[in-house]
Amino acid sequence: MEHQIILESDVEDVETFAEELRRVIPAALEAEGVGLPCEVDVLFTDDEGIHQINLEQRGVDRATDVLSFPMFEFTPGQPPAVEDAELLDPGSGLLPLGDMVLSVDHIRVQAEEYGHSRRRELCYLAVHSVLHLLGYDHLDEGPMKRQMREREEAILNELGITREI
């Protein structure tokens, strides 16, 4: 299935990050069993840029690592399937899944803080965001968060992206 990953950046030196996302996002969609071709829009920015977006869109006055803005409300573990074809954009034939915003500043800092590579941090945040676009959430410390964390680790393990990488 051909997904379209649209990448934009208002920061420099994200070419290797962009290559990773073109691989990881479709793999995460496949791992979740998404049965329709999707479009995901990604913006690479810095802490200042994501802070501004977080403030404008969510009323949260701080920078963060990743923001996800889903176009639809899906149920975790029940991805869009062929029977949801009415959700496809008539012009592109793709499901506009939503937007992902990544702070390269946070990726660098958190990779160092957690003792793994920037690549691993980027891939983790991308998978995390894809799951948000598919209806997963972690607002509580209970079953929803546990379900999301289990899916994140399973997908990253399938891709061979371990904490050592």
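Quick look at the structure, then.

Right, let's talk about the overall build of the protein chain for a bit. In terms of regular secondary structure, the protein chain is built from five helices and four strands. Taken from the N to the C terminus, the helices and strands of the protein chain come in the order β-α-β-α-β-β-α-α-α. Relative to the globule expectation of 15 Å for 165 residues, the C-alpha radius of gyration of the protein chain, 15 Å, shows essentially globular dimensions. For the C-alpha atoms alone, the extent of the protein chain along its principal axes is close to 45 × 30 × 30 Å. Across the 165 residues of the protein chain, 42% fall into the buried class. Sequence separation of 24 or more characterises 73% of the internal contacts of the protein chain that already satisfy a separation of 6 or more. Counting only carbon and sulfur atoms, one obtains 47% of the accessible surface of the protein chain, whose full area is about 8600 Å². Charge-centre separation for the protein chain: the mean point of 13 positive side chains lies 8 Å from the mean point of 36 negative side chains.

This next bit is on the pattern of salt bridges. Enumeration according to the criterion identifies five salt bridges in this entry. One salt bridge in this structure joins Glu 153 and Arg 120, with 3.4 Å as the shortest N-O distance. A residue pair is termed long-range when its members are at least 10 positions apart, and Glu 153 in helix α5 (residues 143–158) and Arg 120 in helix α4 (residues 118–133) qualify at 33 residues. Overall, the relative accessible area of 25% leaves Glu 153 in the partly exposed class. Via salt bridges that share partners, Glu 20, Arg 23 and Arg 119 belong to a single interconnected network.

Now for the pairing of strand β1 (residues 4–9). Relative to strand β2 (residues 38–45), β1 runs parallel, the two sharing six bridges. In the strand pairing of β2, Gln 4 is matched with Glu 39. For the crossover from β1 across helix α1 (residues 15–31) to β2, the handedness is left-handed.

Another aspect to go through is a negative patch on the surface. There is a patch of like negative charges on the surface, built from Glu 12, Asp 13, Glu 15 and Glu 19. Here Asp 13 is to be found in the loop between β1 and α1. Asp 13 gets classed as exposed once you look at its relative accessible area, which sits at 58%.

So, on to the side chain of His 116. The residue His 116 is located in the loop between α3 (104–114) and α4 in this model. Relative accessible area serves as the criterion here: at 10%, His 116 is assigned to the buried category. A polar contact of 2.8 Å, which involves the side chain of His 116, links it to the side chain of Glu 121.

Here the structure, examined in full by the defined rule, presents two aromatic pairs. Between Phe 17 and Phe 44, the aromatic rings sit 6.2 Å apart at their centres with planes inclined by 35 degrees, giving tilted as the arrangement. Here Phe 17, found in helix α1, pairs with Phe 44, found in strand β2; they are 27 residues apart in sequence, far enough to count as distant. Exposure class is identical for Phe 17 and Phe 44. Each is buried. Ring geometry for Phe 72 versus Phe 74: centroids 5.8 Å apart, planes at 50 degrees, classification tilted. We classify Phe 72 as partly exposed; its relative accessible area is 24%.

Over its 16 residues, α4 runs 22 Å from end to end, which matches the ideal 22 Å to within 8%, given 1.5 Å per residue. Burial analysis of α4 places 14 of its 16 residues in the buried class, which makes it a mostly covered element. Following α4 by one or two positions, Gly 135 has its phi on the positive side, about 100 degrees.

Rules behind the numbers
Within each chain, residues carry numbers counting from 1 in the order of the written sequence. Owing to the predicted nature of the model, reporting of local features is limited to residues with pLDDT of at least 70; listing and counting of side-chain atom pairs is limited to 80 or more, with chain, interface and lining totals taken over all residues. Excluded from the side-chain calculations are hydrogens and water; all other atoms, namely the structure's heavy atoms, are used. A helix here means a DSSP run of H or I that spans at least four residues, while a strand means a run of E at least two residues long, and both kinds are numbered starting from the N terminus. Between the two quantities, the radius of gyration covers C-alpha atoms and the globule rule is 2.2 Å times the number of residues to the power 0.38. Partly exposed residues are those whose accessible area sits between 20% and 50% of the maximum for their type, while under 20% is buried and over 50% is exposed, using a 1.4 Å probe and protein chains only. By the convention used here, residues are in contact when the closest approach between their heavy atoms is within 4.5 Å. The protein chains shown are the only cover counted for residues, whose accessible areas, like all others here, come from Shrake-Rupley with a 1.4 Å probe. A positive count includes Lys and Arg, and a negative count includes Asp and Glu. His and the chain ends are not counted in either. Where a charge sits is defined by one atom per residue type, namely NZ (Lys), CZ (Arg), CG (Asp) or CD (Glu). The rule for a salt bridge is simple: a side-chain nitrogen of Lys or Arg has to be within 4 Å of a carboxyl oxygen of Asp or Glu. Two strands qualify as a pair provided that DSSP identifies no fewer than 2 bridges between them. Call a crossover right-handed when, viewed with both strands pointing away from you, the route from the first strand across the helix to the second goes clockwise. In this analysis, a patch consists of residues with relative accessible area above 30% that form no salt bridge, clustered at 9 Å for like charges and at 5 Å for the nonpolar side chains Val, Leu, Ile, Met, Phe, Trp and Tyr. Pairs of N or O atoms are called polar contacts if they sit within 3.5 Å, as long as, within protein, a hydrogen donor faces a hydrogen acceptor (for residues adjacent in sequence, only side-chain-to-side-chain pairs). Stacked, tilted and edge-to-face are the three classes assigned to paired rings of Phe, Tyr and Trp, where Trp is represented by its six-membered ring and a pair needs centres within 6.5 Å; plane angles under 30 degrees give stacked, over 60 edge-to-face, the rest tilted. In this scheme, a helix's expected span is set at 1.5 Å multiplied by one less than its residue total.

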